[in-house]
Amino acid sequence: DAKTTQPDSMESTEGETVHLPCSHATISGNEYIYWYRQVPLQGPEYVTHGLQQNTTNSMAFLAIASDRKSSTLILTHVSLRDAAVYHCILRRGGSAKLIFGEGTKLTVSS
Amino acid sequence: EAAVTQSPRSKVAVTGGKVTLSCHQTNNHDYMYWYRQDTGHGLRLIHYSYVADSTEKGDIPDGYKASRPSQENFSLILELASLSQTAVYFCASSDGPGLSNERLFFGHGTKLSVL
């Protein structure tokens with residue numbers, strides 16, 4: 001299974017737009033890109049996912065490079081509640097396994 | 001909203017003792033999972049199940065057993081707890097990896113300390 005690479009930490013200020021990068025250079029054609037976030041003392045929470053096309057929902061915009069070797073999770077107008085560890089994960093279609101990395105710790109200041 | 005509840009929320013166990021962690025879901029999901037998380041690290045899959053009375057090994061199954069007596073319940077069993085099993089354990093459920101829109105719903109976790 002392909003692995004992902006993320007920066008250990010990023011900082012932002014309330015109201016800003018944050019771009020969280022993820023590299024997955026060895027991704028396979030049938031692997032989905034998932035993003036989950038986790039705050040202390042809680043389980044991970046689903047944010048978004050995609051295969052090839054950019055996707056958007058109420059939580060975030062996911063931009064996927066045309067060669068699929070990288071992706072960026074874009075959070076607009078961040079608030080203190082967006083402070084969390086953001087995990088970029090790959091899941092092979094039909095596989096039950098999600099491979100978590102250590103994620104990016106996003107700090108949001110007021 | 002989907003719900004996955006774990007019990008207990010925290011537990012202290014002695015080395016060599018038996019520990020059972022329980023998970024209950026009200027999502028009507030077929031798949032259930034057990035992950036462990038060590039401080040400052042990502043989650044690793046221990047066992048999962050896609051139907052009652054059947055379990056599958058994940059990436060780190062050694063030292064753990066799992067039990068799925070019903071669709072709603074999934075237990076993780078440590079027959080002989082060891083210090084290295086000190087971690088936070090998360091249960092999750094999902095509709096299944098065959099769906100393109102699959103998403104996992106996680107419980108709040110069980111903090112296990114083995115002394």
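Refer to the structure presented above.
Sequence order sets the numbering: in each chain, residues are counted from 1 along the sequence as written. For naming, the first written chain is A and the first written ligand is 1, with later ones following in the order written. Owing to the predicted nature of the model, reporting of local features is limited to residues with pLDDT of at least 70; listing and counting of side-chain atom pairs is limited to 80 or more, with chain, interface and lining totals taken over all residues. Side-chain calculation: all heavy atoms of the structure are included, whereas hydrogens and water are not.

Draft legend 1. Highlighting the interface of chain A and chain B. On the chain B side, the residues contacting the 21 residues of chain A number 24 residues. Counting each side, the surface lost to burial between chain A and chain B is near 1,700 Å², with a carbon and sulfur contribution of 55%. The working definition used for a salt bridge is a side-chain nitrogen of Lys or Arg within 4 Å of a carboxyl oxygen of Asp or Glu. Residue Glu102 of chain B is joined to Arg91 of chain A by a salt bridge in which the shortest nitrogen-to-oxygen separation is 3.0 Å. Within 3.5 Å is the distance limit for a polar contact, defined as a pair of N or O atoms, with the added protein rule that one can donate a hydrogen and the other accept it, and that residues adjacent in sequence qualify only through two side-chain atoms. Put simply, chain A and chain B have five residue pairs in polar contact (both at pLDDT 80 or more) between them. Runs of H or I in DSSP of at least four residues are treated as helices and runs of E of at least two as strands, each being numbered from the N terminus. At four residues, strand E3 (residues 31–38) of chain A tops the list of elements feeding residues into the side of chain A that touches chain B. In the scheme used here, Gly and all other residues not listed as nonpolar or charged are polar, with Ala, Val, Leu, Ile, Met, Phe, Trp, Tyr, Cys and Pro taken as nonpolar and Asp, Glu, Lys and Arg as charged. Across the side of chain A that touches chain B, the residue classes tally to nine nonpolar, nine polar and three charged. Any two residues having at least one pair of non-hydrogen atoms within 4.5 Å are treated as being in contact. By buried area we mean the combined loss of accessible area, with a 1.4 Å probe, across both parts when two parts are placed together.

Draft legend 2. Main features of the packing of aromatic side chains. For this analysis, a ring pair means two rings from Phe, Tyr or Trp (six-membered ring only for Trp) whose centres lie within 6.5 Å, classed as stacked if their planes differ by under 30 degrees, edge-to-face if by over 60, and tilted for the remaining angles. All chains considered together, the criterion is met by 14 aromatic pairs over all chains. With a centroid separation of 6.0 Å and 85° between ring planes, the pair formed by Tyr36 of chain A and Phe106 of chain B is classed as edge-to-face. Taken together, the positions of Tyr36 of chain A in strand E3 and Phe106 of chain B in strand E10 (residues 105–106) put the pair across two chains. Both residues of the pair, Tyr36 of chain A and Phe106 of chain B, count as buried. Measuring from ring centre to ring centre gives 5.9 Å for Tyr31 of chain B and Tyr50 of chain B, while their planes differ by 35°; the resulting arrangement is tilted. Pair noted here: Tyr31 of chain B is in strand E4 (residues 31–37) and Tyr50 of chain B is in strand E5 (residues 43–51), with a separation of 19 residues, a long-range link. For every residue, the accessible area (1.4 Å probe, protein chains only) is compared with the maximum for its type, and the residue is labelled buried under 20%, exposed over 50%, or partly exposed between those bounds.

Draft legend 3. Fine view of the sheet that holds E3 of chain A. All names here are of chain A. DSSP-based pairing: two strands are paired if at least 2 bridges between them are found. Strand order in this open sheet of five strands is E1-E9-E8-E3-E4, and the pairing throughout is mixed. The sheet is open, and its two borders are formed by strand E1 (9–13) and strand E4 (45–50), each paired with just one other strand. Averaged over all pairs of adjacent strands, the angle between strand axes in this sheet comes to 25°, irrespective of strand direction. Here E3 pairs with strand E8 (residues 84–92) via eight bridges, running antiparallel. Residue Trp35 lies in a different strand from E8, and its bridge partner there is Cys88. Inter-axis angles, ranging from 0 to 180 degrees, are taken between N-to-C directions of lines fitted to C-alpha atoms, where helices are fitted over the stretch in contact.

Draft legend 4. View of the pairing of E8 of chain A. Residue and element names in this part refer to chain A. Of all nine residues in E8, seven are buried, a share of seventy percent or more. Relative to strand E9 (residues 104–109), E8 runs antiparallel, the two being bridged by three bridges. Bridge pairing links Tyr86 to Thr104 in E9.

Draft legend 5. Expanded view of the pattern of salt bridges. Under the criterion given, the structure shown has seven salt bridges over all chains. The partner of Arg44 of chain B in a salt bridge is Asp38 of chain B, and the shortest N-O contact between them spans 2.8 Å. Salt bridges sharing common partners tie together Arg37, Glu45 and Asp82 of chain A.

Draft legend 6. Highlighting the nonpolar core. Residue and element names in this part refer to chain B. Working definition of a nonpolar core: buried Ala, Val, Leu, Ile, Met, Phe, Trp, Tyr and Cys residues. They are joined through side-chain atoms within 4.5 Å. Ranked by size, the top nonpolar core spans 20 residues in total, and within it Val19, Trp34, Leu76, Leu78, Tyr89 and Leu112 carry the most contacts. Counting residues per element, the ones that place at least two in this core are strand E3 (19–25), E4, strand E8 (73–78), strand E9 (87–94) and strand E11 (110–114). If we skip the residues at most four places from it in the chain, Leu112 touches Lys11, Ala13, Val19, Leu78, Gln85, Thr86, Ala87 and Tyr89.

Draft legend 7. Main features of the layout of surface pockets. When its volume is computed, the largest pocket comes out at roughly 770 Å³. Here a cavity denotes a set of grid points, spaced 1 Å apart and computed over the protein atoms alone, in which a 1.4 Å probe fits but from which it cannot get out, and a pocket denotes an open set meeting protein on both sides within 12 Å along at least five of seven lines; residues with an atom within 4 Å of a point are reported as lining. Contributing to the lining of the largest pocket are 32 residues, with Gln38, Pro40 and Leu41 of chain A together with Gln37 and Val88 of chain B lying nearest its centre. Mapped by element, the contributors of at least two residues to the lining of the largest pocket are E8 and E9 of chain A together with E9 and E11 of chain B. Of all the elements, E11 of chain B adds the most residues to the lining of the largest pocket, at four residues. For the lining of the largest pocket, the class distribution of residues is eleven nonpolar, 15 polar and six charged. Grid points are joined across faces, edges and corners, and a volume is the space filled by probe spheres set on the points.

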